[in-house]
Structure formats: C-alpha cells, structure tokens
Amino acid sequence: MPIRFAGWSVVWVAFTVAAFAWGIGFYGPGVFLQTLHASKGWPIATISAAITTHFLVGAAIVVYLPEAHRAIGIARATMIGAVLTAAGIVAWSMTLSPWQLFAAAFISGGGWALTSGAAINAMIAPWFDRDRPMAISHAFNGASIGGVVFTPLLVSMIDGIGFPATALVVGLAMVIVVAPLAHRYLRQGSEDLGLAPDGQPLDRARPRPESEARLPRAALMRTRAFVTVSTAFALALFAQVGLLSHLLSRLSPVLGTTAAAAAMSLTTISAVAGRLLLGWLIGDHDRRYAACANFLVQSIGVVLLCVTNSPLLLLVGCVLFGLGVGNVAAIPALIAQTEFRAVDLGTVVALVIATNQAVFALAPAALGAIRDASTNYTLSFAIAAVIEVAAAITVLAGRQRRR
C-alpha cells in the first residue's frame, strides 16, 4: 500500500488556515460594517474607510512576506498571523469611537497579511509542481468554507452574545486550531523528507534552479506578464471586495439580516463549486482564458444584484458572482507558475497579491462613499460590473501580446 504523500497534509493545513483567515479577515469586515453601523450608528463611509485601512496594512506587509518566511519560517509567521488576527477581531469589537477602528485595522491587517493568499501559496509551492493547480484549488477552498461558516456564525453569535464575546471566542478558536497545525506541519518542506515536489524521489525530479539569481522586484514589475496579471486581478478584486464588504447591507433590506447572511453563505458555497470546477478543467489550458471567463460570469451576477429587488434573482446573482469569487484568489499564482521562473515565483505572487490588496483596499471606502452619496447601492454595483468586464479584457490583452 503506497505511503500517503505528506504534501496533502500540508494542503489540509493550508485549507484550515485559509478558512479562518478569510472567515475573519476577508468576509468578517462586511459583518463588522453592518454590526457597527446598526448598533452604534456610525457612518458606513467611516467604517468602510477602516476596512480599507485593514487591507492596505495587509498589502504593505505582504510585499515583504517572502523575506519574512526566509527569516523566521512559514510555521512561525503563520502562528504570529493567527495571534494578530485574533487580537484584531477583539480590537474591532471593543471600539468605543470611530477613530479606534483604524487602530484595530492595523492589528487585523497584519494578521490578514500573514495568513492570506501569498501565505497559502508559500505553504503549497514547495510541495507541488505538476499537481499545483489541484493543490491550490483544494487549499483555497478553505477560503470559501470560511465565508460559508463564518458569515452566518458571526451574525448569529453577535445577535446572541454580543460582538465582544463573539470576537473573543472566534479569535481564541483560531489560535488554538491554527498554531499547533502550523507547528506540526509547516516547519519542513518536501526536501527535508527526501522528496521532490509531487512526492517524487529527489533523484528523479527536475533540477531546481536554486543557483539562479532572483530578479529585483522592479525588474519583475516591469514585465508585460506582471503588469497585465496584476492590473486585471487588481480590478477584479476591487469589484469583488467592494461588493462583499457591502453585500450584507445590500441584501438585508430586501431579505432580512438572517436571510441575507444565508445568501452570503450561498455565494461562498458557489465559490467552492467554481474553484473545484477550475481545478478539474484547467489542466494544460491557457489560464488567462480561464480568468477571462471567470470575470465575465461574475459581471453577469453583479448586474443582477444591481438592477433587481426580486429575492429569487438576487440569489441567482449571488450564485453567479460567487462562482468566480474563489478563483480570483487562486488563478494569479497559477498564471505566474507558467509565465515566470521558479526562483522568482514567490516574489511575483507576493507582489501581485500586495498590488491587488493596495487597490482593492480602496473598494470598501469607495463603494461606501458612492452609496452614501446616491442613497442606494445601484450606482456602486453598476460600477463594479463595468470593472469586472475591464478585468476580463485586460487579462486577455496580456495573452495576445505574449510570444
């Protein structure tokens, strides 16, 4: 009976980390916005600006995540990220005035940076090459499960025991679960066990270009491949994060808070289905075409969320939008794998994610300001749909101009 490849244990650890990271650090802010606006009466634009700060802090840290991993190791960085995320959600729950939201955002943003997309990719990359699309797909499904579980859980617990108690319970749960798993499974890479990526014996594996010098960040960022990938996904994530931050507030007047939270869970369930479909179908096909199709399907869903108040059509919009939510986080690393050298891959992924975060961090505040100015979400969501189409055009333009 063949021995199970240890890399799949790392995938499940990454899945678990992603579930907590996205559940608290990505989907959580939308719940925080609704909770603080309803309970304290603070303006949506102010709370949205704090959410923007949360993501901007994450972007600034992610740029240097490869150096942090080389200095202290992936396991230790992940444990620190779990502690910061827990402290961050507690800080959000304890705020007494709007300015304190921004201090809380610095803490939660640090935790998000150390446990989100670039970190998940760094956990998976040493263990997989040929099977990386499937491994990445499975690991990032944790992000979608985080949305499915945490959005209604946070809403329900806040209604039942209040925001501060909920934050303490959820934060402690993340530390108790993630820290031991990171310590047990993330301290070693495949080569420490005498294995090459995908579980091959070291003597059969393709040699890795460890002797090649890493290109400077500036040189990587000037390449056409980087510019088109980072621009396309920055646009898509601007639309996506903006919508997710405001989706509960958009749906609640029509569906009620509990049903709106369930609709957000439906969105993330659809994200699991979309990501599994991607991992199954992508194979050796052009990953830029997959990204383009992903953005266009999302744009159709956003249009429905924009133009209708029919509960049924709103749910259809959530499904279509959700089918692409998970893939927007996973596809950039898969495109980078085929278009950049292995020695530069970690830096490229970190730069793409940092660039994306720096752009999409502005989305909650921007869509919140537009909503407050126009008194409803129609214009905000219409702008998001147009941005999704622009992302589809951009990612294909990069392919058309490549050799």
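Residues numbered from 1 in each chain as written. Predicted model: local features only at pLDDT ≥ 70, side-chain atom pairs only at ≥ 80, totals over all residues. Heavy atoms only, no water.

## Considerations on the pattern of salt bridges
This model, assessed by the stated rule, comprises one salt bridge. When the shortest N-O distance is used, the salt bridge between R70 and E67 registers 3.9 Å. A residue pair is termed a helical-turn pair when its members lie 3 or 4 positions apart in one helix, as R70 and E67 do in helix α4 (residues 65-72) at three residues. (Salt bridge = Lys/Arg side-chain N within 4 Å of Asp/Glu carboxyl O. Helix = DSSP H or I, 4+ residues; strand = E, 2+ residues; numbered from the N terminus.)

## Structural notes on helix α16 (residues 362-374)
Between its terminal C-alpha atoms α16 stretches 18 Å, which fits the 18 Å expected from 13 residues at 1.5 Å a residue. Looking only at α16, the buried set comprises A363, P364, L367 and G368. Along the axis of α16, the buried positions cluster into a sector of 120°, meaning they face one direction only. (Expected span 1.5 Å × (residues − 1). Buried < 20%, exposed > 50% of the residue type's maximum accessible area, 1.4 Å probe, protein only. Arc of directions from axis to C-beta.)

## Comments concerning the side chain of T35
Along the chain, T35 falls in helix α2 (residues 28-40). For T35, a relative accessible area of 15% translates into the label buried. Polar contacts involving the side chain of T35 include one to the main-chain carbonyl oxygen of V31, which spans 2.8 Å. With residues up to four places along the chain from it excluded, the contact list for T35 reads K40, I158 and F163. (Polar contact = N/O pair within 3.5 Å; in protein donor to acceptor, adjacent residues only side chain to side chain. Contact = heavy atoms within 4.5 Å.)

## Digging into the side chain of H69
Topologically, H69 is positioned in helix α4. Relative accessible area serves as the criterion here: at 13%, H69 is assigned to the buried category. Residues in contact with H69, not counting those within four places in the same chain, are I74, A77, A119 and A122.

## Description of the environment of L313
In this structure, L313 sits in helix α14 (residues 311-339). Residue classification places L313 among the partly exposed positions, given a relative accessible area of 37%. For the pair L313 and A392, spaced 79 residues apart in the sequence, the C-alpha separation amounts to 24 Å.

## Let's talk about the packing of aromatic side chains
Each aromatic ring pair is described using two quantities: the centre-to-centre distance and the angle formed by the ring planes. Under the counting rule described, the total for this entry stands at 14 aromatic pairs. Each ring, one from F26 and one from F55, has its centre 6.2 Å from the other, and the planes form 70°; the classification is edge-to-face. Of this pair, F26 sits in the loop between α1 (7-25) and α2 while F55 sits in helix α3 (residues 44-62); the two residues are 29 residues apart in sequence, bridging distant segments of the chain. When its relative accessible area of 7% is taken as the criterion, F26 is described as buried. For F55, a relative accessible area of 0% corresponds to the buried category. Through a chain of ring-to-ring contacts, three or more aromatic side chains come together here, namely W22, F26, Y27, F55, W112 and F140. Across the ring face of Y185, the terminal group of R184 is positioned such that the distance to the ring centre comes to 4.6 Å. In this structure, R371 packs its charged tip against the face of Y377, placed 5.6 Å from the ring centre. (Phe/Tyr/Trp six-rings, centres within 6.5 Å; stacked < 30°, edge-to-face > 60°. Lys NZ or Arg CZ within 6 Å of the ring centre and 35° of its normal.)

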